[in-house]
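Chain by chain, the residues run as shown.
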Amino acid sequence: MGPEGGSARLLAGTSGPDMVELWRWEMHPGEVFTSLGHPHGTFELFHVEQGILELCVVDTVTTIGAGNAAVARTDSPHHYANRGDGLLIFTMTVAEPGSL
């Protein structure tokens, strides 16, 4: 996935109108993953195991350090980045509620 060897691996997921996925990410220094945004109402939960995750949703940047967690609505453009000098490892759950 990443130009420096980073990866995103799907650990578990569901299908159907209320999709949930569990991911494990590894990002090397300087790697960035950009998304145009998910369907309306989508949110993601993050837990950083190692390093510092830069999460940017639209124009709001949040940094999440090792041992910490965060929740973000990701139905807008967003990115994940490793701006540090070491390996970044985090887990992410994506929850995409079905249309009502």
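For the structure, see preceding data.
Read on for an overview of the structure.

Each value, and the rule that gives it
- Residues numbered from 1 in each chain as written.
- Predicted model: local features only at pLDDT ≥ 70, side-chain atom pairs only at ≥ 80, totals over all residues.
- Heavy atoms only, no water.
- Pairing = 2+ DSSP bridges.
- Helix = DSSP H or I, 4+ residues; strand = E, 2+ residues; numbered from the N terminus.
- Axes fitted to C-alpha atoms, helices over the stretch in contact; angles between N-to-C directions.
- Phe/Tyr/Trp six-rings, centres within 6.5 Å; stacked < 30°, edge-to-face > 60°.
- Polar contact = N/O pair within 3.5 Å; in protein donor to acceptor, adjacent residues only side chain to side chain.
- Contact = heavy atoms within 4.5 Å.
- Salt bridge = Lys/Arg side-chain N within 4 Å of Asp/Glu carboxyl O.
- Buried < 20%, exposed > 50% of the residue type's maximum accessible area, 1.4 Å probe, protein only.

## So, the sheet that holds strand β9 (residues 88-96)
Across the sheet, which stays open at both edges, the five strands sit in the order β1-β2-β9-β4-β7 with antiparallel pairing between neighbours. Each edge of the open sheet is held by one strand with a lone partner, namely β1 (7-13) and β7 (69-73). The sheet shows a mean angle of 20 degrees between the axes of neighbouring strands, direction not considered. Sheet analysis places β1 next to strand β2 (residues 19-27), joined by six bridges and oriented antiparallel. Looking at the pairing, Ala-8 lines up with Trp-25 of β2.

## A short note on the packing of aromatic side chains
In the structure shown here, the tally under the stated rule is seven aromatic pairs. The structure contains a cluster of three or more aromatic residues connected by ring pairs, namely Trp-25, Phe-33, Phe-46, Tyr-80 and Phe-90.

## A short note on the side chain of Asn-82
By secondary structure assignment, the location of Asn-82 is in the loop between β8 (78-81) and β9. A distance of 3.5 Å separates a polar side-chain atom of Asn-82 from the backbone oxygen of His-28. Among the polar contacts made by the side chain of Asn-82, one reaches the main-chain amide nitrogen of Gly-84 at a distance of 2.9 Å. Filtering out sequence-adjacent residues up to four positions away, Asn-82 remains in contact with Met-27, His-28, Pro-29, Gly-30, Glu-31, Ile-52, Leu-87 and Leu-88.

## What about the pattern of salt bridges?
Taken as a whole, this structure holds three salt bridges when the rule is applied. Across the pair Glu-49 and Arg-24 runs a salt bridge whose closest N-O atoms are separated by 2.8 Å. A residue pair is termed long-range when its members are at least 10 positions apart, and Glu-49 in strand β4 (residues 43-50) and Arg-24 in strand β2 qualify at 25 residues. Residue classification places Glu-49 among the partly exposed residues on the basis of a relative accessible area of 38%. A salt bridge links Arg-73 to Asp-75, with the nearest nitrogen and oxygen atoms 2.8 Å apart. Overall, Arg-73 belongs to the partly exposed group, its relative accessible area being 46%.

So yeah, pure geometry; function would need other evidence.
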